[in-house]
Every structure is written in C-alpha cells, then in structure tokens.
Amino acid sequence: MNVNTPALTRITEYHGITEYMLESNGLKVLLERRPAAPVIAFMVVYRVGSRNEAVGHTGATHLLEHMLFKGTPTFNKRTGTQIASVLQRQGAVYNADTWYDRTRYYEVLPSDQLELAIHLEADRMRNSFIADEDRQSEMVVVRNEMERGENDPGRILDERVWAAAFREHPYHHPTIGWRSDVEGMPTSRLKEFYDTFYHPNNATAILVGDFEEDEALDLIAKHFGRIPPSPAPIPPMYTVEPPQQGEHRFILRRAGQLGLVEIAWHIPEASHPDTPAITVFDQILSAGISSRLYQAIVETQIAVSAGAQSFQFRDPGLFTIEMMLPPGGSHETAERAALDVIEKMKTEDVSESELKKAKSQIVAQLIFLRDSPFGVVNALGEIEAVADWKFYVDLPALVEHVTPEDLRRIANEYFTADNRTVGYFIPKEEEG
Amino acid sequence: MHITSFEARTARFCYPNGLTLLVLENHANPTASIYGFLKAGSYFNPPNRRGLSSLTASMLTKGTTRRSKLEIAEALESVGARISFNSNTFTVSMLGQSLSRDFGLLIETLAEELREPAFPDEELAKLRHRTIAAIRQEEEETRSRAVERLTQLIYTPDNPYYQLCADDLIAQIESISVEELGDFYAARYGAASMLLVIVGDVDTDEVHNRIGELVGDWTGADAGVINLPITPLQTAPMRAVVPMKDKANADVVIGHASQLRRSNPDYLPAQIANRALGQSTLSSRLGLKIRDDMGLTYGINSTFSESGLGDGPFMISVTVAPENIDLVVKTTVDIVEEFIEEGIREDELRDEQTSWIGGFKIGLATNAGIAGQIASAEMHALGVKHLDAFPTLLNNVTKAEVDAAIRHYFHPRRATTVIAGTLD
C-alpha cells in the first residue's frame with residue numbers, strides 16, 4: 001500500500017471473506033476473491049432505509065436513491081460522463097435499491113474496470129448534486145413507479161398488511177412512501193437526509209470477484225480514504241412496535257380478476273437466536289411442490305398459488321403467507337387451510353426427513369449463490385443491512401442445529417391469533 | 001478460466017440418434033447447470049390449439065410412468081435441485097441445476113421426465129386450473145394487454161407471435177385433453193432435435209457415458225421443420241386503446257413487424273442500433289430524454305422482441321401517467337425520427353460496442369450463463385466458437401452498417417400505437 005494513502009486495518013478473516021476498516025473514516029470493507037471469471041461485483045450498502053423516515057417525508061430514502069444517479073462534479077451529463085452512461089458503456093449490470101433498513105448501490109463489471117466501480121461509488125457518497133430541478137423531474141419518475149405498483153393488487157394488499165400490522169414502527173409505511181409526501185417533499189429535506197446518513201461510517205463496501213487484494217485495498221483507500229466521517233453521530237431510530245393485542249383484519253376492494261389473501265405475524269429481528277429456526281419453518285411451509293402450503297392449498301385447488309416469506313429485518317419484521325385464489329375461490333376457505341397448516345406445526349413434530357430436506361435446501365441455495373460474484377455480494381449486502389455479515393457464513397451451521405422442538409416452539413410463540421394480521425383483496429367484479 | 005477459448009474447453013458429442021451434447025467443465029463452485037432444448041414450441045401447435053405445447057412441456061414434471069409428481073419433487077427438492085421445462089415460440093427449453101454431488105440424480109430425473117411422461121388426467125385438470133388463473137391475472141397487467149393487442153394488429157392469427165385474447169385462449173385450453181398431449185408429445189419430442197449443454201463441476205467422460213446410457217437409445221419424433229414466412233411491414237399506422245379499470249398507470253406500446261431474425265446478415269448492426277435507441281432506460285436515447293430530462297416515465301425501452309429463428313415484433317414500450325400519454329408518444333416518435341436522420345454517433349457506436357462486450361463477459365460469469373450462451377449459439381448454427389469470436393465481430397461493426405440498419409428496421413410513422421389503462 002502507498003505510504004500516503006489512508007490505512008485499512010484488517011479486522012478479521014472468516015471463511016474466505018476478509019473484513020477491513022478504513023482508519024480515516026470508519027468505512028467497513030468486505031473482500032472475497034473469486035477469480036473463476038473475469039468479473040467483479042461491487043456494492044456500497046448504507047444503513048439507511050424507509051425505517052429512518054417519519055411522517056411528512058416518507059419515501060425520502062428512495063427518492064434520494066434516484067437523485068444519486070443525477071451526477072456529481074466528476075460524473076455528469078454535461079461532460080458526457082453521466083453515471084448510468086459510464087456504467088452502461090462497460091456493459092455493467094448496475095442499479096440501486098432501497099428497502100426498510102438499507103439503500104444499496106451496486107455494479108457488476110469486467111474486472112479491468114474495478115477502479116471505475118470504486119471511484120464512482122466513493123464519489124457519489126458525498127459529492128452528489130441534489131438539485132431542485134432534478135428533484136422535480138425525478139419526483140414524477142418516482143410517482144410513475146408508484147403508480148405502476150398501484151396497478152398490482154398483490155402489491156397494494158401487501159402494503160396494507162404492513163400498515164395494519166405496524167402501528168408505531170416506521171415499517172408501517174411503504175419504502176416508496178405515501179403519494180403526497182413524495183409529491184410535496186422539498187429538495188432541502190432530501191439534502192438533509194443525504195448529509196445525515198451518507199457517510200463512510202454508516203456504510204459497508206463489498207467487493208467480490210476477480211481482483212488482486214493489494215490493488216483493491218489501494219483503490220479503496222485512494223477513493224474512499226479522504227472522505228471524512230460524519231460530522232455528527234448517525235441518529236439512531238428508536239421507535240419500538242409494542243406487542244400486538246388482538247388480530248387486525250381488513251378488506252380491500254377494487255377492480256381485479258383474482259382474489260388474494262395475505263396473513264402476517266410479527267417475528268423477531270434478524271439477529272435474534274430464533275432466526276435460523278424461522279428460516280427452516282419458512283422452508284418447510286413454502287419451498288417447492290413438496291412443501292406443506294403447496295400440498296394443502298395448491299394441490300387441493302383452494303388457491304392457485306401459496307407462498308410464505310420471512311422478513312427478517314434489523315427490527316422485528318413479519319412472516320407472511322400470500323395466496324392467490326382461482327376465479328370464484330373462497331377467501332375464508334383459503335385462510336382456514338393456511339391456518340390449519342400453521343396449527344399442525346404447533347401440535348405435531350416435523351419428521352426428521354422433512355427437517356433434513358429443509359436444511360439441505362437452505363445449504364444448497366447458499367452454494368448456488370456462490371456461482372456468481374453478484375450472488376455473494378447481494379447476500380452479504382442484505383445481511384449487512386440487518387445484522388453482521390458473518391451471519392451469512394454461519395447460517396448453514398446454525399440451521400443444522402434447528403430441532404423439531406424449536407419449530408414447534410416458534411409456531412406456538414409467534415404464530416398466535418393475537419399477533420396476526422389478515423387482509424383480503426376482493427375484486428369488485430366478484431360482488432353480486 | 002478466461003485464458004483458453006470456450007471452443008477448446010467445450011467437448012462436443014453427437015449420438016447416433018441425433019442428440020448433441022456439449023460439456024464444459026468449470027470447477028470453481030460445486031454446482032452444475034444444464035440448459036437444453038428440443039423443437040416442440042408453440043409454432044408446432046395445431047390450428048386452434050394454443051397452449052398445447054405449453055401444457056405438454058409443463059406436464060413433463062407432473063409425473064412419469066414410474067413415479068408420481070410428488071415423488072419426483074421430493075427427490076429433487078430434498079437436495080435443493082431443480083428441473084423446469086418451458087415452451088417458447090419454436091423450442092421447449094429445459095433447465096436444470098444441482099450441486100455437483102447430485103448431478104447423477106439430476107440427469108436421471110431429466111431423462112425420466114423427457115422419455116416417460118405419464119400425463120395423468122388429474123394433473124392436467126390442476127394445471128389447466130392454474131394456467132387459466134395465470135391468464136386471468138395477466139389480464140390485469142396493462143403492459144401485457146397492450147402487447148397482446150399490438151400482436152393482434154400486426155400479425156395474422158396463424159402466426160405464432162399473434163397472441164390470443166384471454167377468453168379465446170382459455171376456451172382452447174379448457175378443451176385440451178391428455179390424449180392430445182400424448183399425440184403432441186409423440187409428434188414433437190425426440191432426440192433428433194435435442195441439444196443438451198452441461199456446464200459446471202462435472203467430469204466430461206462420465207457425463208458423456210451417462211447421457212448415452214440414459215437417452216442414447218431414445219429416438220422419438222423427427223427433427224421438425226420450421227418454415228415461417230417473414231411478416232411484412234404494415235403500410236399505415238394504427239392506433240388502439242385497451243380500456244381497463246382502476247389503473248393509476250398506463251402502458252403504451254409502439255411497434256411494428258421487425259423483419260429481423262438472427263440469421264439476417266445485419267443482425268449485429270440492427271441490435272447495436274436498438275441498444276443506442278432504447279435498450280436501457282437510464283442511458284439510451286429514449287430514456288435520457290423522456291425519463292432523465294422530462295421525468296415522464298419510470299421506464300421506456302425498445303426491443304427486437306424474439307429476433308431469433310423468427311421475426312417477432314419491434315416494440316417501444318413505456319409506462320406513463322394517463323395525462324402524459326400524448327406528449328410521450330409524440331416525443332418518442334420524434335426521437336426515433338431524429339435517430340434515423342442523424343444516424344448513430346461514433347461515440348455512441350463505441351459505447352454500445354464496449355457495453356455489449358462487457359455485458360457479454362459478465363453474462364459468462366456463471367455456469368447457467370455459459371450454458372445459455374452456448375445453447376443459443378448452437379441453435380443459430382454459429383457454434384461454440386461464436387463465444388470466442390463475438391467481441392471481434394462486434395468491434396468490426398461500422399457506423400455505415402448501423403446507419404443502414406437504422407433506416408432499414410425503424411419505421412415510427414408506420415408503427416402501431418396501443419394504449420392500455422384507465423383513460424377516463
């Protein structure tokens with residue numbers, strides 16, 4: 001490493017992934033060399049998402065993410081070096097996405113373009129134009145993105161389920177924001193968000209693929225090293241959702257073809273010791289044709305699809321079951337069938353073979369992820385947003401320890417009627 | 001991995017029954033991918049039997065003469081492996097993925113599903129039920145409805161790119177029987193038109209021998225002939241509206257018959273032209289103006305949809321608030337006209353060349369990506385060497401060739417415009 005570039009401290013190495021810290025500003029850096037193909041994947045994850053928003057500025061994080069494509073003094077449209085164009089020119093797979101707990105910017109590039117990825121992400125961390133003129137046109141783009149979402153009954157139902165399940169915690173509002181907030185948000189508010197949260201000490205940079213470690217560290221130090229840490233501590237989000245005291249239930253009626261049912265239960269945060277068991281629980285319920293929901297609900301033609309998802313977030317999230325009904329299908333029948341599947345998990349032990357299948361699937365999925373540099377970056381980025389990256393490495397071993405008793409215990413502890421939210425989407429045409 | 005050519009690293013085996021197998025060893029991760037196809041796509045559907053090829057392909061995973069659907073699913077899912085069959089316009093593609101230690105199970109199951117499908121009546125009833133629901137669901141999507149209408153306006157009903165409306169498609173699907181599936185299977189499924197590409201942590205000789213044992217004695221149907229006339233460009237523009245309820249966002253599709261197939265000598269220049277015009281919302285001409293400058297859309301893209309063995313439509317599709325439709329359509333047409341008049345800029349051409357080559361390399365970073373590219377090269381008779389030659393071929397494309405392609409393939413004043421959404 002050059003003597004005059006800021007130093008990186010090696011924190012730990014764990015299963016081929018090395019963690020560094022930039023001494024000058026606290027940026028966390030994760031590196032994994034995978035030289036199988038001449039490609040690198042680079043991502044910067046900021047620990048800011050819609051979880052950090054409050055009334056009046058919902059959607060700020062997501063709108064700001066759009067603004068970070070609008071350029072900097074170095075990369076901009078005027079000089080023909082607009083961020084998207086520069087990346088597109090190299091054939092990059094690139095994008096950014098915002099969710100409850102995080103905002104991520106990433107690019108997959110041929111490995112000879114490593115410096116471009118690092119330079120660009122370091123540059124937009126602090127130098128982005130957040131101009132009012134850009135905000136106005138980008139607001140219309142985001143509003144169109146929102147309207148596209150509103151066309152989809154499944155997405156609206158899901159949004160309403162989260163809003164009903166969370167009363168106080170900001171998981172209550174969708175990441176894209178409430179329409180009037182997005183329309184009315186002043187540029188100054190976005191700038192304030194940028195200046196509060198976009199700092200190296202609130203981010204993790206992740207690099208996976210075909211690179212030489214010394215060169216990568218030099219480039220990271222060169223481009224990120226001179227960025228100062230945040231002038232003030234990153235403000236914590238301290239709102240806690242109180243325990244739900246009784247079922248929430250609602251009906252959404254609008255034009256559509258097929259009825260939908262979504263059921264949700266609060267589950268603990270990702271770093272909770274029950275997360276591996278909930279992951280296995282999810283797998284048993286919803287992975288494949290042989291899963292319990294498929295067999296009980298799709299095979300019997302009660303619904304045409306039935307899925308489950310465990311949203312394991314930085315704060316307690318939700319476990320959801322979503323079902324799409326056939327034309328003329330009964331919402332009540334589908335709900336009852338799904339709840340019967342859950343009840344069985346409370347009263348009967350899962351067989352050893354079923355448990356073994358779920359664990360094998362989870363381990364295989366983690367190995368498949370490793371087929372591509374982006375698969376690894378994506379997984380590490382998601383875990384960094386909600387817990388510590390080492391959880392990604394530890395998950396197979398943690399899952400291995402899950403027992404039938406664990407599954408029965410979590411079914412009884414979390415999947416209760418009082419902890420439940422149920423939403424029906426009823427197409428208007430179905431009404432008599 | 002990137003030192004030796006793909007051609008040198010890929011072993012090719014041609015079995016006496018016509019099956020071609022290509023194997024590329026990649027030991028970077030303990031996984032393996034299969035990508036294969038045979039000629040049994042929707043082009044081969046008998047008249048008024050839309051959905052037959054698709055139902056037949058889907059039914060391959062619904063049980064064999066030896067095992068039920070659930071028994072097969074249990075076996076694959078227990079090791080996290082998966083197999084799927086998908087019917088396309090001309091081919092049925094097969095995708096498989098497993099950890100390398102379970103690769104034997106994967107190819108044995110694939111062979112069993114291909115050679116011994118049972119087509120159980122009750123499974124067809126369930127599949128029909130889900131297929132109809134999926135069609136109903138797609139009916140809710142503004143973009144699907146706009147594309148469907150566009151294809152009806154530019155293709156004749158017997159063309160495989162003509163999409164039936166939901167009610168007609170459902171009526172045909174409801175009447176398809178297991179006997180018809182069996183007949184279609186017997187007429188179209190066989191080793192003669194089949195290609196299998198296997199990439200990953202496998203041993204070439206072992207795979208060659210095992211595939212020989214599993215499908216070497218399968219004959220089945222003949223190779224099938226594809227003879228689809230090129231659809232002429234329409235002479236005058238058309239406009240249609242698909243009214244839908246409760247849609248905050250509208251989708252607009254502007255398109256025409258493309259007349260572009262993979263075998264056209266100017267295929268690469270034409271695709272470069274399209275990339276510069278509208279492939280990326282964030283960096284192509286259409287997106288830079290209509291999204292980035294004017295903020296009128298979340299997404300605008302142009303594409304030669306299915307320019308492969310046949311000539312699918314050329315389409316520009318844009319998502320837009322209903323009040324902005326006219327402005328977006330007018331601006332879009334103006335941009336295409338300007339592109340035709342000016343041609344591609346030298347810097348745009350260079351950018352699209354590096355972009356496509358970079359993207360091509362990135363696509364080859366996974367087993368599934370390599371398998372897909374090899375299969376595609378084989379399907380179009382380009383051979384595995386195409387993966388090695390592609391960057392040079394692309395770099396050799398000139399501005400004059402692209403400009404000629406722009407003039408030949410883009411016709412905004414003769415294009416059909418379809419709008420789907422809530423417009424009152």
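Structure first, text after, so check above.
Residues numbered from 1 in each chain as written. Chains lettered and ligands numbered in written order. Predicted model: local features only at pLDDT ≥ 70, side-chain atom pairs only at ≥ 80, totals over all residues. Heavy atoms only, no water.

Asks: Requested: an account of the environment of Arg 413 of chain B, with residues and values cited.
Replies: All names here are of chain B. By the element assignment, Arg 413 lies in the loop between α16 (399–409) and β11 (416–421). C-alpha separation for the pair Arg 413 and Asp 334, spaced 79 residues apart in sequence, amounts to 9.8 Å. Filtering out sequence-adjacent residues up to four positions away, Arg 413 remains in contact with Pro 237, Val 333, Asp 334 and Glu 337. One polar contact links Arg 413 to Glu 337, side chain to side chain, over a distance of 2.9 Å. (Helix = DSSP H or I, 4+ residues; strand = E, 2+ residues; numbered from the N terminus. Contact = heavy atoms within 4.5 Å. Polar contact = N/O pair within 3.5 Å; in protein donor to acceptor, adjacent residues only side chain to side chain.)

Asks: I'd like to hear about the sheet that holds strand β4 (residues 39–46) of chain A, residue by residue, with values.
Replies: Across a sheet, paired strands are connected by hydrogen bonds in the backbone, their directions being either parallel or antiparallel. Residue and element names in this part refer to chain A. Taken together, seven strands build an open sheet; the order of strands is β1-β2-β3-β7-β4-β6-β5 and the sheet is mixed. Only two strands of the sheet have a single neighbouring strand rather than two, namely β1 (8–14) and β5 (93–98). Strand-to-strand twist in this sheet, taken as the mean axis angle between neighbours without regard to direction, amounts to 15°. Relative to strand β2 (residues 17–22), β1 runs antiparallel, the two being bridged by six bridges. Looking at β2, one finds that Glu 13 is bridged to Thr 18. (Pairing = 2+ DSSP bridges. Axes fitted to C-alpha atoms, helices over the stretch in contact; angles between N-to-C directions.)

Asks: Would you mind going over the sheet that holds strand β4 (residues 82–87) of chain B in detail, with residue names and values included?
Replies: All names here are of chain B. Spatial strand order, β1-β2-β6-β3-β5-β4: six strands in an open sheet with mixed pairing. Two strands lie at the open edges of the sheet, namely β1 (10–14) and β4, each paired on one side alone. Each neighbouring strand pair of the sheet contributes to a mean axis angle of 15°, computed without reference to strand direction. In this structure, β1 lies alongside strand β2 (residues 20–25), joined through five bridges in antiparallel fashion. Along β2, the bridge assignment pairs Phe 13 with Leu 21. The strands touched by helix α2 (residues 52–59) are β4 and β5 (92–99); relative to β4, the strand with the most contacts, the crossing angle is about 170°. The sheet strands contacting helix α9 (residues 204–215) are β1, β2 and β6 (195–200), and the helix crosses β2 at an angle near 155°.

Asks: Tell me about unusual backbone geometry, residues and numbers included.
Replies: Here the phi dihedral of His 15 of chain A falls at roughly 50°; this positive angle occurs in a residue that is not glycine. Looking at the secondary structure, you find His 15 of chain A in the loop between β1 and β2. Exposure remark for His 15 of chain A: the relative accessible area of 58% places this residue in the exposed category. Its identity as a non-glycine residue notwithstanding, Phe 119 of chain B has a phi of 45°, on the positive side. (Buried < 20%, exposed > 50% of the residue type's maximum accessible area, 1.4 Å probe, protein only.)

Asks: Which residues make up empty space enclosed by the protein, and what values do they have?
Replies: Once rolled over the atoms, a probe with the size of a water molecule shows which space is left empty. Within the structure shown, the criterion is met by five cavities of 30 Å³ or more. Empty space within the largest cavity amounts to approximately 130 Å³. In this structure, the largest cavity is lined by 14 residues; those nearest its centre are Ala 36, Arg 370 and Asp 371 of chain A together with Ala 28 and Ala 365 of chain B. By volume, the second largest cavity is sized at about 80 Å³. (1 Å grid on protein atoms, 1.4 Å probe; cavity = no way out; pocket = protein on both sides within 12 Å on 5 of 7 lines; lining within 4 Å. Points joined across faces, edges and corners; volume = space filled by probe spheres on them.)

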